[in-house]
Amino acid sequence: MHQALGPVHRHSIPGRHAYPEVSSQRFAPLPSYPEYASASNGVVAIPRPKPSIQLADIDPALYQNEATDPVTPRHGHTPQLVLRSATATANLVSDAASSSPVITEESESSQVEIPEPNDDKESIHPYKELPSGKPLVWSAKRQGLCEAVPYYRSYKGSLYPIEKVAAGYLIDAETDPGDVFDAQIIISSVGGGRTRDRETNTMVRLEDIPDDTLQVQAFKAAMELNRLLYPCRPPAPYAVLDYFRVTDLWKQKMVSTGATNGYVWVWRMRFEKANLSTPSWWMPAGKEMPATADLTIRAPVKECAFCRQATKEMFEVGWFCMNQHCPNNYTLAGGTEVDWQAPLKHTEAFLNERTPSPGSVPSLVPEMVDDTTLHGTEMACRRGFVCPLCGCCNRRIFWNRLVCENSDCGWERLAAMKPYPSETLDQENQVFDERTLRTTNRNDVNLDVVDFYHQDIHATMHIKQIIPHSHSIDFGSHIARQYFLPDAEGKIIGSFTIFSATKETNAQPGGPDELFRNLELQDFGLRRNPAAVAGTKYEGLTRHFQMNFGARYKFGVTVQSKGFNEAPAQILMALQRLIWAKNQAVMYSNAFIGSQDAATVSQSALLGDHQDFNELLALGYMEEDRIRYHDDGEDELGPIVSALALGSPCLMSFRPKAKQQFPESLKKGSQPKKDPKKKCEFHDVLQVRMKHGDMMVMAGTEIQKVYEHTVIPQGNRRFALTARYIDPTKMASQEDREDAITKGAVPDWARQFEYQGN
Ligand SMILES: O=C(O)CCC(=O)C(=O)O
C-alpha cells in the first residue's frame, strides 16, 4: 500500500531522518513527445569495420548519415559531390588502370608532408605510381572530413545529398568492370547493393539497384541541375579530388553470379571535372595531361524503334537500347544480343565528350570561420576546419584551441571563449520554456506542479503507470522533485531527484553564476576523446568535451584526469554543492522508501552509509552537442551519481533499457524485422528539464542497470559537473587503487567550500 501524501509548503525543511512532508501529484498519460534519435535512411553503407566498442556518448552522427537529418546548405556553398578512397582504383578497367591516383609527394600549397596513411592503401596499390600533385584537402579520418568540409557530411554511405541533390560523393571502395578513373572523367556505379561473399571474401552484387533509391534520385537531380560534383581519393585515406559534374546516368546489366538470371541492373554514372584547365593532382607524374578540351566531340544519341527512348551510344560494341523494360534492350542493330557478360568498353567519343566550363568554380578549401563576432561555442566554431598550412581536415578537439591533427604540421591557434551573454541564456531558457509549455499543454502533463508553485513549469513528463511515486521538497534555496523509479516488476529501485535553484541561490558568491563565469573562460582541460575504433580512419570522437578530476573514472572513453589537489577551485566548490544535494536526496529517498511496504521495494533501494564523492567528470557542450543514452553502471561506481548544470538549459530523459521486460505498450514501433536480435527501444518514462544552477541526484545502483539516460542541451554553452564515488577496492591493480586514493582525496583547503544548502 502506498500512503496518501499531503502538500508541502515553501520554506518547510523537515527535520533530519524524519519522514518529510511531500506533495502528491497526479500523472498524465504517456505523452507523444518528440524523439531525438533520428532514424536510419536506408542509404547502404560502404563496407567498414564495426566499432569494436559500444559506447553511449559517441557522436551519434557516426552511426547515422547526417544527410538523413533535415539538411540546409551551410555557408551558402554550391552543392558538390565527393568521390573516395583508398581501394577505389584496385580494379579500374580501361585506360585508367595504369594512371589511377595513388600516393602523394608534395603539395604546391604546402611544405608540410601529408603523413603516410596507416590503413590498407599500400598493400592494395603497391604497383601504382606516385601522383603528380597533392590534394588541397585531405583527411586521415572520416569524421574529420565530415566535420571540416561543408560538401561532404556523410558519416555513412557514399553519397552526401543536400536537399535531395547529390552534393558530395565518395568513390566506392568496390569497383565494377568498365569503371574509369582518369584525369577528367570518372565512371562508376551508384553505391550500395553489394553483399560480402563469405567464400571469396569479396563484395558481390545480388540485386538490382532500384530506380527510386536516394542515390539514384540525388544523382538525377544533380545532373538535371548541372551541379558541380566533387570526388576524393588517396594519398590520404580521404582526399578531395575536385569539382565534378554528373554528365550521364544510366542503367546497365552487370554480371552477378548470385542473381538467378546471372545479372543485375546497376545504375552507372559519368563524372566530368568542372575545371578542365587545371591539372589533376591524382594523375601520375609524367603522364600527359589532356590537351585543350575539344568541346565538339559528341557521342551519338539514337532513339529506339520499339520504345522510343533515346540512348547515347557509349560502348564500342555499337548502339543498343538500354531501356530495361524494352523488349529490344541489349540488342544490336543487326539483331544480335549484346554479350553483357563481357566487360563493355566505352567509346572514345563518350570518354572524350567535354562540357563547356560552368564559369567560376568555388574553392575546395572552406574559409576559416571568422569568429570575431561569435562567442566561441556556436556551431560555426564547433565544426572542424581545414588546416591553412597542410590541408588536413580537423575536428574541433579542444575546448578553446584549434589544433591541426596532422602531427607533422603543428598548426595551432587559440580559440578563446568570450563570455556567453546572460541575455542569450535568458533567451534559450525562454524558448525552452515555451516549447515545454506547449508540450505540457498538449499532453496535459504535470499541471499540478505548475499550479503548485505558480512560477515554474518544470514540465517533468513521466508515465504514471511506470513512475507512480514522486514528491516535492522545498529547501528555500532549491525546490527538489524526487521520483521513485521502479524495475519492470514495479518494485522501487531508487530515486531521481532534481534540485531547481532559485535565482538568488545562483547569484550567491561561489554559487553557480560565479562558477559558470569562471569556467567558461578557463582552459581547464576540456577536450573530445576517441569513443570508437580509436586510431583508425573510422575513429569517432565524443560529441562533447571532457576533463576528469579526482579518482580516474574508467569508462568506454579514456579521459585525461587530474587529482582534486590540482583542480581549479570552481570544481571543488561544485563538488561540495553536489555532496550536499546527495545527502539531502538520499535522506528523503530513504525516508520514503523506508515507509513503503517491503514487498514493493528492492533491497538495494534503501541506501545505508555511503562514501562521499571522490571523482568529478566535467563535460562541456557546444551547440548541438549532447550525450546519448548511457548508464553510469560501471562496477567500481558507488550507488549515487550527482551533477550540477551550468549555462544553457537541457533536457534529461530516462528510458528502460531494451532488454527490460516493461510493458510492450511502452515500446517504440515494432520489433525490427531485419535484425530479430535487435531489441525494440522503449519510450522515455521520465523527462526532466535542468537549468543553470540545478542539480540532479540518481540514487540506487539498480537504476543504472534498469534505465539509461540521455542529456540534450537546449542552447550553445553548457557544462555538467558530475560527481561519483569510485571504489578503489574494486579496482584491478594496486597502482590504480593508490592512484584513486591519492587523486580522490579532497584537499583540506577545499573544506572552506562546504555547502549547507543556503
Ligand atoms: O548533465 C549532463 O550533461 C550529463 C551527465 C551524465 O549523464 C553523466 O555524466 O553520466
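The name an unreviewed UniProt entry gives the chain is Alpha-ketoglutarate-dependent dioxygenase AlkB-like domain-containing protein, with Podospora australis as the organism.

Caption draft 1: Structural context of the packing of aromatic side chains. Inspection of every chain in the model, using the stated rule, returns 27 aromatic pairs. Residues tryptophan 281 and tryptophan 282 carry aromatic rings whose centres are separated by 5.7 Å and whose planes lie at 90° to one another, so their mutual orientation is edge-to-face. One aromatic cluster is present, formed by Tyr263, Trp265, Phe315, Phe320, Tyr330 and Trp340 through successive ring pairs.

Caption draft 2: View of the site of the ligand. With respect to spatial proximity, the complete set of residues near the ligand consists of Tyr621, His630, Asp632, Met690, His709, Val711, Arg718, Ala720, Thr722 and Arg724. In this structure, aspartate 632 approaches the ligand through a side-chain N or O atom, which is 3.0 Å from an oxygen atom. One of the side-chain nitrogen or oxygen atoms of threonine 722 is found 3.4 Å away from an oxygen atom of the ligand. Expressed as a share of its isolated accessible area of 300 Å², the protein-covered part of the ligand is 98%. Those elements that place two or more of their residues in the shell around the ligand are β32 (707-713) and β33 (718-726). At four residues, the largest contribution of residues to the shell around the ligand is made by β33. The class makeup of the residues in the shell around the ligand is four nonpolar, three polar and three charged.

Caption draft 3: Spotlight on the pairing of strand β24 (residues 545-550). β24 sits mainly inside the fold: six of its six residues count as buried. Sheet analysis places β24 next to strand β26 (residues 615-621), joined by six bridges and oriented antiparallel. Bridging from a neighbouring strand, methionine 547 pairs with alanine 618 of β26. Pairing of β24 with strand β25 (residues 561-562) involves two bridges; the strand directions are parallel. Across the sheet, residue asparagine 548 finds its bridge partner in β25, namely serine 561.

Caption draft 4: Structural view of the confidence of the model for the chain. Scored by pLDDT, the chain comes out at a mean of 78, with 76% of its residues at no less than 70. A low-confidence stretch, residues 228-233 stays under pLDDT 50, and its non-local contacts, those more than four residues away or across chains, total 68 contacts.

Caption draft 5: Seen up close, the UniProt feature "binding site: 2-oxoglutarate" (unreviewed entry) in the chain. Mapped onto this numbering, the UniProt entry gives "binding site: 2-oxoglutarate" (unreviewed entry) at Tyr621, His630 and His709. Following the sequence through the fold, histidine 630 ends up in strand β27 (residues 627-630). From its side chain, histidine 630 meets the backbone oxygen of arginine 628 in a polar contact 2.7 Å long. Checked against the element boundaries, histidine 709 lands in strand β32. Ignoring anything within four residues of it in the chain, the contact list for histidine 709 reads Arg628, Tyr629, His630, Asp631, Asp632, Met652, Ser653, Phe654, Met698 and Gln704.

Cut-off values and rules
Residues numbered from 1 in each chain as written. Predicted model: local features only at pLDDT ≥ 70, side-chain atom pairs only at ≥ 80, totals over all residues. Heavy atoms only, no water. Phe/Tyr/Trp six-rings, centres within 6.5 Å; stacked < 30°, edge-to-face > 60°. Near = heavy atom within 4 Å. Polar contact = N/O pair within 3.5 Å; in protein donor to acceptor, adjacent residues only side chain to side chain. Areas by Shrake-Rupley, 256 points an atom, 1.4 Å probe, with all protein chains shown as cover. Helix = DSSP H or I, 4+ residues; strand = E, 2+ residues; numbered from the N terminus. Nonpolar A, V, L, I, M, F, W, Y, C, P; charged D, E, K, R; others polar. Buried < 20%, exposed > 50% of the residue type's maximum accessible area, 1.4 Å probe, protein only. Pairing = 2+ DSSP bridges. pLDDT = per-residue confidence, 0-100. Contact = heavy atoms within 4.5 Å. UniProt positions renumbered as here; feature names shortened; annotations may be inferred.

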